[in-house]
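Residues per chain are reported as follows:
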Amino acid sequence: GLNFIDLMVRQGNIDNPPKTPLVPGFECSGIVEALGDSVKGFEIGDRVMAFVNYNAWAEVVCTPVEFVYKIPDDMSFSEAAAFPMNFVTAYMMLFEVANLREGMSVLVHSAGGGVGQAVAQLCSTIPNVTVFGTASSFKHEAIKNSVTHLFDRNADYVQEVKRISVDGVDIVLDCLCGENTGKGLSLLKPLGTYILYGSSNMVTGETKSFFSFAKSWWQVEKVNPIKLYEENKVIAGFSLLNLLFKQNRGGLVKGVMDKLLNLYNSKKIKPVVDSLWALEEVKEAMQRIHDRGNIGKLILDVEKAPTPLVS
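Residues numbered from 1 in each chain as written. Predicted model: local features only at pLDDT ≥ 70, side-chain atom pairs only at ≥ 80, totals over all residues. Heavy atoms only, no water.

Whenever I open this one, the pattern of salt bridges confuses me. Can you help?
As a working rule, side chains carrying opposite charge can pair if their charged atoms are close by. A full pass over the atoms with the stated rule returns 11 salt bridges. A salt bridge links Lys 297 to Glu 27; its shortest N-O distance comes to 2.5 Å. Here Glu 27 lies in strand β1 (residues 27-31) and Lys 297 lies in strand β11 (residues 297-300), a separation of 270 residues in the sequence. Judged by relative accessible area, Glu 27 falls into the buried class, the value being 0%. When the shortest N-O distance is used, the salt bridge between Glu 231 and Lys 233 registers 3.2 Å. (Salt bridge = Lys/Arg side-chain N within 4 Å of Asp/Glu carboxyl O. Helix = DSSP H or I, 4+ residues; strand = E, 2+ residues; numbered from the N terminus. Buried < 20%, exposed > 50% of the residue type's maximum accessible area, 1.4 Å probe, protein only.)

Here is the structure:
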């Protein structure tokens, strides 16, 4: 699976990036080739998907058994590679952090991306949840049925949301950071939850840009704790990779994965795969994410041959 965090790793926009050379990638699907001595519950030949702390973009991947899950029989390998990061992130933000319930409303940015589509599908499993989404206008036709109200990512969505819902929304999921933080907090209802789960605005051109990094955070309005208390608002952060690899919550994530696979098996959710790319095409695939051209998930397929360049 190809994720926005991979672009941030490439540009060095993360804390303590590993030393190069390194193989990027945090999730994959494939067939079990070998097992550790004490591994139970899996056999060689099993179809599995997994979280990996780097090295997922390889032909052979090694990861602890607690991060590995069996793929349902009717799920393809490309769907399985698109499943773990996006759906676990979306599920934990909605249900573990924000406590989504019937009748609530959610604002999600990048509604056409992998997490955005997972959020929209999970919201549809709860009655009467209103989903406000922002996305590039060229994506609107393709994703208009997945959210209740869709806005152009460059439009003044705050006014649009308030026109529809005078009180604002219960949950804001913000992967953009920067100036959207103040806007998102202003839209929260009392007892609403604002969750910062990414900083895709920090990814600029080809190289690491400290200027854009600083500018992005400089635009974050200083959050005043007294104001939070007076307005009854909750502000939270969520990082799945830290939860898995730094905070040892693999067991918690496994419980979430079981619930998600039940939803998949009952045909309530289904990963949206944008496109498959050969490993040699990773530069072009990353560019598609960078330009926000994708609807759903981009997948690197080790068995795919590069598309011939038209001469």
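There's plenty left to go through after this.
Honestly, the sheet that holds strand β8 (residues 188-196) in this entry has me stumped. Any pointers?
Consider a sheet: its strands pair through backbone hydrogen bonds, and that pairing is either parallel or antiparallel. Reading across from one edge, β6-β5-β4-β7-β8-β9 is the order of the 6 strands in this open sheet, with parallel pairing throughout. Only two strands of the sheet have a single partner each, and these edge strands are β6 (149-152) and β9 (234-237). With direction set aside, neighbouring strand axes in the sheet form an average angle of 15°. Bridge count between strand β4 (residues 105-108) and strand β5 (residues 130-135): 4 bridges; the pairing is parallel. Residue pairing in the sheet places Val 106 in a bridge with Val 131 of β5. Here helix α3 (residues 84-97) sits on the sheet and contacts β4, β7 (169-174), β8 and β9; the angle it forms with β8, its principal contact strand, is near 145°. (Pairing = 2+ DSSP bridges. Axes fitted to C-alpha atoms, helices over the stretch in contact; angles between N-to-C directions. Contact = heavy atoms within 4.5 Å.)

In this structure, what is going on with the packing of aromatic side chains? I would like to understand it.
Where two aromatic rings form a pair, the distance of their centres and the angle of their planes describe that pair. In the structure shown here, the tally under the stated rule is 7 aromatic pairs. Consider the rings of Phe 51 and Tyr 69, whose centres lie 6.0 Å apart with planes at 90°: the pair is edge-to-face. Of this pair, Phe 51 sits in strand β2 (residues 47-51) while Tyr 69 sits in strand β3 (residues 68-70), and the two are 18 residues apart along the sequence. Under the relative-accessibility criterion, Tyr 69 is labelled buried at 3%. With a centroid separation of 6.2 Å and 15° between ring planes, the pair formed by Phe 132 and Phe 151 is classed as stacked. Taken together, the residues Phe 132 in strand β5 and Phe 151 in strand β6 connect sequence positions 19 residues apart. The same class applies to Phe 132 and to Phe 151, which are both buried. Among the aromatic side chains, those forming a connected cluster through ring pairs are Phe 83, Phe 87 and Tyr 264. Just above the ring of Phe 77 sits the side chain of Arg 47; from NZ or CZ to the centre is 4.7 Å. Across the ring face of Phe 42, the terminal group of Lys 70 is positioned such that the distance to the ring centre comes to 5.5 Å. (Phe/Tyr/Trp six-rings, centres within 6.5 Å; stacked < 30°, edge-to-face > 60°. Lys NZ or Arg CZ within 6 Å of the ring centre and 35° of its normal.)

Sorry, what's going on with the state of the cysteines here?
Disulfides are covalent bonds that connect the sulfur atoms of two cysteines. According to the stated counting rule, one finds 0 disulfides in the structure shown. This cysteine, Cys 28, is not joined by any disulfide, and Cys 62 carries the nearest cysteine sulfur, 11 Å off. (Disulfide = S-S within 2.5 Å.)

So what exactly am I meant to see when it comes to the domain arrangement of the chain here?
What the domain assignment lists for the chain is domain 1 (4-83 + 248-300) and domain 2 (86-242). Computed over C-alpha atoms, the centres of domain 1 and domain 2 are 24 Å apart. Listed per partner, the contact involves 32 residues of domain 1 and 33 residues of domain 2. Here domain 1 packs against domain 2, burying approximately 2800 Å² in sum over the two surfaces, 62% of which is carbon and sulfur. Inspection of the region where domain 1 meets domain 2 yields 6 residue pairs in polar contact (both at pLDDT 80 or more). (Domains from an automatic or database assignment. Buried area = accessible area lost by both parts, 1.4 Å probe. Polar contact = N/O pair within 3.5 Å; in protein donor to acceptor, adjacent residues only side chain to side chain.)

Please clarify how the environment of Ser 275 should be interpreted in this entry.
Take Ser 275: it is sitting in strand β10 (residues 273-277). For Ser 275, a relative accessible area of 17% puts it in the buried group. Here the alpha-carbon distance between Ser 275 and Leu 241, two residues 34 residues apart in the chain, equals 24 Å. Among residues more than four places away in sequence, those in contact with Ser 275 are Arg 288, Lys 297, Leu 298 and Ile 299. For Ser 275, the side chain forms a polar contact with the side chain of Trp 277, separated by 2.8 Å.

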